[in-house]
Amino acid sequence: MTRGTTNPNRLRRMDRWIAATHGAELRRAADPVAIDLGYGAAPWTAVELLGRLRTVAPRARVVGVEIEPARVAAARPYERDGLVFRHGGFEIPVPRRPHLVRAANVLRQYDESEVAAVWERLCARLAPAGPGSRGGLLVEGTCDEIGRRHVWVALGPEGPRTVTFATRLGSLQRPSDLAERLPKALIHRNVPGEPVHAFLRDFDRAWAAAAPYASYGARQRWIHAVRDLTADWPVTDSPARWRQGEVTVAWGALAPRTG
């Protein structure tokens, strides 16, 4: 069981990214089901997820899943059309394979050695890929208490795809400030010799080189820093997302070294 402390609007950056990048998949599904796994002591994140998903997929349904029965009982008064709460954990206690599983601030209390098995278990529950579909999506990551800084990994049925760094630009001193919110799979790998450390180092250098653009605002500085990063790193998104204080990189470029 997690601590369960959840502030309203804490996961807004993750939710907006999901709506923008996975909304088409949810719209194509006949019965799109999303899981808010480990929503905590209060149901705010599940309520908010439903509202944000329905702006892009009006048929979306959300199931909040918690391992502590008392939290499920406390959330039941908030059930409504498209939103229910269930007791459970990584087995995902729903009859159909979900099209989205969001697991925010859940794996931070686990050992790094346990992450791969949890990912594999959750990915096995996702809706499979098919003609015209990449299948369901697992979004797993960590953010600060009020959602200013957030890093998450996106995984499909086949495994990890990307890593996204998202921040409130006005609060950022340097991109490597996001290191403290790396997901469990990466947070202990921010050391010399590991790809994620090299990425954050290069991001800081690009941020410093883009300092002249700060007179036009932090957003312009971020955009120019990310554009410089694309010369050496497989950035997978576009300026439309960079403007939101985001950058997404292929998982393979940041994956921990083995051995």
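Residues numbered from 1 in each chain as written. Predicted model: local features only at pLDDT ≥ 70, side-chain atom pairs only at ≥ 80, totals over all residues. Heavy atoms only, no water.

Going by an unreviewed UniProt entry, the protein chain carries the name Methylase and comes from Streptomyces brasiliensis.

1. Thoughts on the layout of surface pockets
The cut-off we apply is this: Grid points spaced at 1 Å over the protein atoms alone were grouped into cavities, where a 1.4 Å probe fits but cannot get out, and pockets, open sets with protein on both sides within 12 Å along at least five of seven lines, with lining residues defined by an atom within 4 Å of a point. Grid points are joined across faces, edges and corners, and a volume is the space filled by probe spheres set on the points. Under the DSSP-based scheme used, a helix requires at least four consecutive residues in state H or I and a strand at least two consecutive residues in state E, with every element numbered from the N terminus. Nonpolar residues are Ala, Val, Leu, Ile, Met, Phe, Trp, Tyr, Cys and Pro. Charged residues are Asp, Glu, Lys and Arg, and all others, Gly as well, are polar.
Roughly 280 Å³ of volume is contained in the largest pocket. Contributing to the lining of the largest pocket are 15 residues, with W17, T21, R134, L137 and R161 lying nearest its centre. Within the residue set of the lining of the largest pocket, elements represented by two or more residues are helix 1 (12-28) and strand 7 (159-167). Among the elements that line the lining of the largest pocket, the one with the most residues is helix 1, at five residues. Among the residues forming the lining of the largest pocket, the class breakdown is four nonpolar, six polar and five charged.

2. Side note on the nonpolar core
The following threshold applies: For the purposes of this section, nonpolar cores are sets of buried Ala, Val, Leu, Ile, Met, Phe, Trp, Tyr and Cys residues that join through side-chain atoms within 4.5 Å. Three labels apply to residues, based on accessible area from a 1.4 Å probe with only protein chains included: buried if under 20% of the type maximum, exposed if over 50%, partly exposed otherwise in between. Note on contacts: a residue pair qualifies if any of its non-hydrogen atoms lie within 4.5 Å across the two residues.
Counting 53 residues, the largest nonpolar core has I35, L37, W119, F165, F199 and W222 as its most contacted members. Excluding residues within four positions of it along the chain, W119 makes contact with L107, L138, E140, V153, L155, P160, A185 and W251. Ranked by size, the runner-up nonpolar core spans 28 residues in total, among them W17, L26, F85 and C143.

3. A look at empty space enclosed by the protein
In this structure the tally under the stated criterion is two cavities of 30 Å³ or more. Of the volumes computed, that of the second largest cavity is approximately 30 Å³. What lines the second largest cavity is R13, R16, A166, T167, Q244, G245 and E246. Contributions of two or more residues to the lining of the second largest cavity are made by helix 1 and strand 7. In terms of residue class, the lining of the second largest cavity is made up of one nonpolar, three polar and three charged.

4. Focus: the pattern of salt bridges
Note that side chains of opposite charge can pair when their charged atoms are close. The test is simple: Salt bridges are counted wherever a side-chain nitrogen of Lys or Arg sits within 4 Å of a carboxyl oxygen of Asp or Glu.
Summed over the entire model, instances satisfying the criterion amount to 23 salt bridges. Two residues, R52 and D15, come together in a salt bridge whose shortest N-O distance is 2.8 Å. Taken as a pair, R52 in helix 2 (residues 44-54) and D15 in helix 1 lie far apart in primary sequence, 37 residues in all. The burial state of R52 is the same as that of D15; both residues are buried. Among the ionic pairs, D31 bridges to R96, the shortest N-O distance being 3.3 Å. With D31 in the loop between helix 1 and strand 1 (33-37) and R96 in the loop between strand 3 (83-87) and strand 4 (100-104), this pair connects stretches of sequence that are 65 residues apart. On the accessibility criterion, R96 (47% relative accessible area) is partly exposed. A single salt-bridge network, built from bridges that share partners, covers E145, R149, R174, D177, E180 and R181.

5. Brief notes about the packing of helix 6 (residues 195-209) against helix 7 (residues 218-229)
Quick note on the threshold: Structural elements are reduced to axes, namely lines fitted to C-alpha atoms, with helices fitted over the stretch in contact, and the angle between N-to-C directions of any two is expressed from 0 to 180 degrees. By the definition adopted for this analysis, an angle is roughly parallel if under 35 degrees, roughly antiparallel if over 145, roughly perpendicular if from 65 to 115, and oblique otherwise. With the far helix as reference, a near helix turned anticlockwise by less than a right angle produces a left-handed crossing, and one turned clockwise produces a right-handed crossing.
Closest axis-to-axis distance for the helix 6/helix 7 pair is 8 Å, and the angle between their directions is 125 degrees. In terms of orientation, helix 6 and helix 7 fall into the oblique class. Pair helix 6 / helix 7 crosses with right-handed handedness. The segment helix 6 lies against helix 7, with F199, D202, F203, A206, W207 and A208 engaging A218, R221, W222, A225, V226, D228 and L229. When grouped by side-chain class, the residues that make up the contact of helix 6 with helix 7 number 10 nonpolar, no polar and three charged.

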